[in-house]
Amino acid sequence: VHLVESGGGLGQPGGSLRLACASSGSTFSSNTMAWYRQAPGKERELVATITRRGNTNYADFVEGRFAISRDSAKNTLYLQLTSLRPEDTAVYYCYNKLLDGMAYWGKGTLVNISS
């Protein structure tokens, strides 16, 4: 299974970015999908999850600023980032757990928030 993230880059405080993660290479449908992030010098942490039924869950630090969504027909996961802060700077990783129980990670996309 191949996961490719896109949409990262340089942003300003208070700005918005939209991340996408395209999944390919499996005959099994995605079950739970998620976004994680890893800031410099810190451990990887969960940002948001979305189940196959569309139920979502967010880390406390999100505070209503991010929105996770998925397009199952396109096998694509999204993360809309708004009201960005410098502390949101991190590499954002896509996580995809398939119905066969196997889980995969993307290589990440860098989000750098700076004025």
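I will try to describe carefully the structure that is included in this document.

Here's the deal with the overall build of the chain
Working step 1: Helix and strand counts for the chain come out as zero helices and 11 strands.
Working step 2: Moving toward the C terminus, one meets the helices and strands of the chain in the order β-β-β-β-β-β-β-β-β-β-β.
Working step 3: Its C-alpha atoms give the chain a radius of gyration of 13 Å, within 12% of the compact-globule value 13 Å for 115 residues.
Working step 4: Projecting the C-alpha coordinates of the chain onto the three principal axes gives extents of approximately 45 × 25 × 25 Å.
Working step 5: For the chain, the proportion of its 115 residues judged to be buried stands at 37%.
Working step 6: The long-range fraction of contacts in the chain, counting pairs at least 24 apart against all pairs at least 6 apart in sequence, stands at 52%.
Working step 7: Surface summary for the chain: the accessible area is close to 6,300 Å², and the carbon and sulfur share equals 46%.
Working step 8: A distance of 6 Å separates the average location of the 12 positive side-chain charges in the chain from that of its 9 negative side-chain charges.

Structural notes on the pattern of salt bridges
Side-chain pairing between opposite charges can occur once the charged atoms of the two side chains come close.
Working step 1: For the structure shown, the criterion picks out four salt bridges.
Working step 2: A salt bridge links R85 to E63; its shortest N-O distance comes to 2.7 Å. One end of the pair, R85, is in the loop between β8 (76-81) and β9 (90-98); the other, E63, is in the loop between β6 (56-58) and β7 (66-71), and 22 residues separate them in sequence.
Working step 3: With relative accessibility at 54%, the residue E63 sits in the exposed group.
Working step 4: Several salt bridges converge on common partners, so that one network encompasses R37, E45, R65 and D88.

A look at the sheet that holds strand β3 (residues 17-24)
Working step 1: Strand order in the open sheet made by the four strands is β1-β3-β8-β7, with antiparallel pairing throughout. In this open sheet, the two edge strands, each paired with only one partner strand, are β1 (2-6) and β7. Going across the sheet, the axis of each strand differs from the next one's by a mean of 15°, ignoring polarity.
Working step 2: Two strands pair when backbone bridges link them, and β3 and β8 are joined in this way by six bridges, in the antiparallel orientation. When the sheet's bridge partners are listed, R18 is paired in β8 with Q80.

As for the nonpolar core
Working step 1: If you look at the biggest cluster of nonpolar residues, it comprises 23 residues, and the most contacted ones within it are W35, V47, F66, L77, L79, L81 and Y92.
Working step 2: Of all the secondary-structure elements, those providing two or more residues to this core are β3, β4 (30-38), β5 (45-50), β7, β8, β9 and β11 (109-113).
Working step 3: In this structure, Y92 is in contact with E5, L19, W35, Y36, R37, V47, F66, L79, L81, G108, T109 and V111, ignoring residues within four places of it in sequence.

Cut-offs and rules
Residues numbered from 1 in each chain as written. Predicted model: local features only at pLDDT ≥ 70, side-chain atom pairs only at ≥ 80, totals over all residues. Heavy atoms only, no water. Helix = DSSP H or I, 4+ residues; strand = E, 2+ residues; numbered from the N terminus. Rg over C-alpha atoms; globule rule 2.2 N^0.38 Å. Buried < 20%, exposed > 50% of the residue type's maximum accessible area, 1.4 Å probe, protein only. Contact = heavy atoms within 4.5 Å. Areas by Shrake-Rupley, 256 points an atom, 1.4 Å probe, with all protein chains shown as cover. Lys, Arg positive; Asp, Glu negative; His and termini not counted. Charge placed at Lys NZ, Arg CZ, Asp CG, Glu CD. Salt bridge = Lys/Arg side-chain N within 4 Å of Asp/Glu carboxyl O. Pairing = 2+ DSSP bridges. Axes fitted to C-alpha atoms, helices over the stretch in contact; angles between N-to-C directions. Core = buried A, V, L, I, M, F, W, Y, C linked by side-chain atoms within 4.5 Å.

From the geometry alone we can't say anything about function, so treat these as descriptive.
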